[in-house]
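Here is what each chain is made of, one letter per residue.
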Amino acid sequence: MLYREAGQFKTSYTADQGIFPIAQDRWVVWAFVAFAFLVVPFVVNDYWANAILLPLLIYGMAALGLNILVGYCGQISLGTGGFMAVGAYASYKLMTAFPEMNMIFVVLLSGGITAAVGSMFGLPSLRIKGFYLAVATLAAQFFLVWLFNKVGWFYNYSATGQITAPERMMFGYALTGPAAEPWVKYLFCLTFLAVFALIAKNLVRGRIGRNWMAIRDMDIAAELIGVRPLMTKLSAFAVSSFYVGMAGSLLFSVYLGAVEVGEVFGINVSFLVLFMVIIGGLGSIVGSFMGAAFLVLLPILLKNGMVDGLGMMPVTAKHVEILLMGLLIIFFLIVEPHGLARLWQIAKEKLRMWPFPY
Amino acid sequence: MKLTYLTAGLAALAVAAPVAATSVATPAGAYELTIPSLVYRTGPYAPGGIPFANGYADYFTLLQERDGGINGATINLVECETAYNTQQGVECYENTKGQGESGALVYQPLSTGITYQLIPKASVDEIPLFTMGYGRTSAADGKVFPWVFNFPSTYWDAASGMVNYAAAIEGGAENLSGKTIALVYHNSAYGKEPIRTLEKLAEKHGYTLELLPVDHPGQEQKATWLQIRRMQPDWVFMWGWGVMNQVAVKEASSIRFPMDRFVGNWWAGSEHDVQPAGEGANGYLSATFHAPGADFPLHQEILKTVYDANKGAGERERVGEVLYNRGLIAAVWTVEAIRKAMEIKGSNEITGKDVREGLEALNVTEERLAELGLPNFTYPVELSCAVHSDPGTVLIQQWDAAAGNWKVVATGIEPDREVITPLIEADAMAYATENNITPRDCN
């Protein structure tokens, strides 16, 4: 009853092409955005920011980036961890070489540098596909981590090879470093994610996105109707790496502050982000966020529930958590192979017909 | 749809969790000391994490059972599982730092990655970090790192101590000239720590240093040991952890490298590192800063009071393992610092800030160790505002495969202060300039 479009008439092409054609959707989204921007910053504390919200936002950004590549363009990549490392090390070099540079530009430039590196590793995608491409991008993952561990220039020849984010200010508030307030860090990441999620949504709705999807669905047919595979695939790699690089940059500078490449950007991260995309839903913007939420929040929820709630030993809880996460992933993929986004879509369709389904 | 059950279940969990958490009752009146313990009983390094965590927990259990806490204040040991993962470590830190009346009193991050995360945070949250023999070496400089303590020895002390041991076996430091020392290290911040010191010492003594990195987790070392066989170094030093150590010891024995010329640091010298290599591991050396074994009065007391009451954190027969003892001594020093803090404040209602004062005034003498049931277990420690790592003395222990235990073969090895002190100062100052820290005045 509440959720239906009866009586909502579109009187212009702009209205007809809106991202959320149903008014209720728009209200909910606006309410959600307003809550995230206007309420959360006032109530967020250290624990919520550092343990829950920042990883959620940052992995959301990474999943969004990977979803563009895997979900929209059909190019499988296992190099996400390596590309995030590129973003992180680019930020580190930029922050230390140009101390005056505004953090917004640091993050954007890190994304740009990662886009360049990503497109370079995307070149093989013109010749190889599917599993073969997965292996090629896996090579990128290992190569990049090895490079950042091996070449001293990237970590300014520090004794341990760790990179540490120096303190940088934003409108008079510390944004990086230990003195940064949780709400500043949260708002910074949230703004980036909100802006770039909107850009991504519009990209995939437009000509470029349709080209990507044409290549994904059948590359030969796409080529026949005039889509240029070279530009399309490389642009997907570039845009995807741009997002992933920004995520890496934020992960290093705003969230963790100090990073060791082998541990933080290892192959596990590549798999984690890929799982987020698969569980959230391939080829769906909102799915990227759902996948990130599933894999970031659920372990913490399970842990807190089992350790504080049920009084289990932390180690037992950890084993149960690993087990449950595995089961839940299998369960979700059996119930809905198209991910959480598809479940959400089905729920909305059912709601529109409620209470008279057919 | 089945999903509804799941969602309902999760929702119930989410609602139940905070309710249950607040309903945990604390004994009325007694002040409660919250001591978080970041452990890793799962993940790739669990074999090393478990005994340490058990030793740490058992000592607090003993105090709780025997004395009812520390000076009348009860102990709330909060274990949090990090799986040796930095992000989970951060989550644990944020989750535990504000718990209880006292808030977290002191952290043992137990991982170089987590330590580097927490060093800047600790000064803001005013909670001391006790990174016993790991973490950032230059944190030994209390003027730049007021909140970080890494006594009794740093990695650079260990590196220098190992070189000094090699020199003693070769018959004097002058005989090191022209020799080759190969360093097999975990290719991470942890493994790279000793390189700078070993390089400086190579300049001083004239030996050649060969660097052989091994990538995480360290199972793949065939190429490394082929290189060692070709290179024929006089000594092999190892900075390894977890499965890497077992593989290295096995590989070394399979190329018949003389085990008494193969020295691991203190994270590469416990039972589970050498046992898989069987007889081949006989004679393998490792640096350490405390004795192995369970032949100390404190161990007997733990077995009696804790394990006989079925309150032990681990298995009875593993009490006294090298890493168990390390967890134990970490707990002992932590408790001594807490006692000192209570003494300084004149009350047992202390917070993290007071524990820092206690750590800076820490003075655990040999008599005190004997009183605690650990005679000749480790070296006396005396800290101050400027000195956050003391004494830096290193022991060398050797594996006896037939007896199946470690034996101390050299004690009282002093590191080369002449080389290490300027290195620590330089690194600490570099950190201070990088982070706009004005070093404290320690007078």
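Just so it is clear, the model here is predicted, and its values are computed rather than measured.

### Here's the deal with the overall build of chain A
Along chain A, the regular secondary structure elements total 15 helices and four strands. Structurally, chain A occupies a C-alpha span of about 70 × 55 × 45 Å along its principal axes. Here chain A, with 358 residues, has 52% of them falling under the buried criterion. Accessible area of chain A: about 16,600 Å², with a carbon and sulfur share of 72%. Positive and negative side-chain charges in chain A, numbering 22 and 16 respectively, have mean positions lying 9 Å apart.

### Things to note about the packing of aromatic side chains
Here a ring pair, both rings aromatic, is described through the centre-centre distance and the interplanar angle of the planes. Residue and element names in this part refer to chain B. Considering all chains together, one arrives at 42 aromatic pairs over all chains under this definition. Considering the side-chain rings of Y59 and F60, the 6.5 Å spacing of their centres and the 65° angle between planes classify their relative orientation as edge-to-face. Judged by relative accessible area, F60 falls into the buried class, the value being 2%. Ring geometry for Y165 against W235: centres 6.2 Å apart, planes inclined by 80°, an arrangement best described as edge-to-face. With Y165 in helix α5 (residues 155-170) and W235 in strand β7 (residues 235-239), the pair connects residues that are 70 residues apart, well separated along the chain. Both residues of the pair, Y165 and W235, count as buried.

### Let's talk about the state of the cysteines
Residues and elements named next belong to chain B. Evaluated as defined, the whole model comprises two disulfides over all chains. Paired through a disulfide, C80 and C92 show a sulfur-sulfur distance of 2.0 Å. As the torsion about the S-S bond is roughly -80°, the C80-C92 disulfide counts as left-handed. Placement of C80 in strand β2 (residues 74-81) and of C92 in helix α3 (residues 86-96) is noted, with a sequence separation of 12 residues between them. The class of C80 is buried, set by a relative accessible area of 5%. Residue class for C92 comes out buried when judged on its relative accessible area of 0%. Here C385 is linked by a disulfide to C442, with a sulfur-sulfur distance of 1.9 Å. Across the S-S bond linking C385 and C442, the dihedral sits near -65°, which makes this disulfide left-handed. Of this pair, C385 sits in the loop between β11 (381-382) and β12 (394-400) while C442 sits in the segment after α15 (417-434); the two residues are 57 residues apart in sequence, bridging distant segments of the chain.

### A few points about the pattern of salt bridges
All names here are of chain B. Under the criterion given, the structure shown has 32 salt bridges over all chains. Here E251 and K222 are joined by a salt bridge, their closest N and O atoms 3.0 Å apart. Taken together, the residues E251 in helix α9 (residues 243-254) and K222 in helix α8 (residues 222-231) connect sequence positions 29 residues apart. Assessed through its relative accessible area of 11%, E251 is described here as buried. Here R339 makes a salt bridge to E336, at a shortest N to O gap of 3.0 Å. Placement of both R339 and E336 in helix α12 (residues 322-345) is noted, with a separation of three residues, approximately one turn of the helix. We note that R339, like E336, is buried.

### With respect to helix α10 (residues 229-256) of chain A
Residue and element names in this part refer to chain A. Taking 1.5 Å of rise per residue, the 28 residues of α10 would be expected to cover 40 Å, and the 38 Å separating its terminal C-alpha atoms lies within 8% of that figure. The largest bend in α10 is about 30°, located at L250. Taking burial as the measure, the 28 residues of α10 include 23 buried ones, the bulk of the element. Downstream of α10 by one or two residues, G257 has phi in the positive range, about 85°.

### Quick word on the packing of helix α4 (residues 80-97) of chain A against α10(A)
Residue and element names in this part refer to chain A. Relative orientation of the contacting elements α4 and α10 amounts to 60°, with a least axis distance of 7 Å. Taken together, the axes of α4 and α10 are oblique relative to one another. Of the two possible hands of crossing, α4 and α10 adopt the one that is right-handed. Contacts between α4 and α10 involve T80, F83, M84, G87, A88, S91, Y92 and M95 on the former and, on the latter, V244, G245, A247, G248, S249, L251, F252 and S253. Taken together, the residues that form the contact of α4 with α10 break down as nine nonpolar, seven polar and no charged.

### Description of the interface of chain B and chain A
Each side of the interface is counted separately: chain B has 43 residues, and chain A has 42 residues. Interface area, chain B with chain A, both sides summed: about 3,800 Å², of which 60% is carbon and sulfur. Joining chain B to chain A, the criterion identifies two salt bridges. One salt bridge connects B:K97 with A:D46, and the closest N-O pair in it is separated by 2.5 Å. Applying the counting rule to chain B against chain A returns 13 residue pairs in polar contact (both at pLDDT 80 or more). Its residues assigned to classes, the side of chain B that touches chain A shows 18 nonpolar, 11 polar and 14 charged.

The rules behind these values
Residues numbered from 1 in each chain as written. Chains lettered and ligands numbered in written order. Predicted model: local features only at pLDDT ≥ 70, side-chain atom pairs only at ≥ 80, totals over all residues. Heavy atoms only, no water. Helix = DSSP H or I, 4+ residues; strand = E, 2+ residues; numbered from the N terminus. Buried < 20%, exposed > 50% of the residue type's maximum accessible area, 1.4 Å probe, protein only. Areas by Shrake-Rupley, 256 points an atom, 1.4 Å probe, with all protein chains shown as cover. Lys, Arg positive; Asp, Glu negative; His and termini not counted. Charge placed at Lys NZ, Arg CZ, Asp CG, Glu CD. Phe/Tyr/Trp six-rings, centres within 6.5 Å; stacked < 30°, edge-to-face > 60°. Disulfide = S-S within 2.5 Å. Salt bridge = Lys/Arg side-chain N within 4 Å of Asp/Glu carboxyl O. Expected span 1.5 Å × (residues − 1). Bend = angle between axes of the 7 residues up to and from the residue. Axes fitted to C-alpha atoms, helices over the stretch in contact; angles between N-to-C directions. Parallel < 35°, antiparallel > 145°, perpendicular 65-115°, else oblique. Left-handed = near helix turned anticlockwise from the far one by under 90°. Contact = heavy atoms within 4.5 Å. Nonpolar A, V, L, I, M, F, W, Y, C, P; charged D, E, K, R; others polar. Buried area = accessible area lost by both parts, 1.4 Å probe. Polar contact = N/O pair within 3.5 Å; in protein donor to acceptor, adjacent residues only side chain to side chain.

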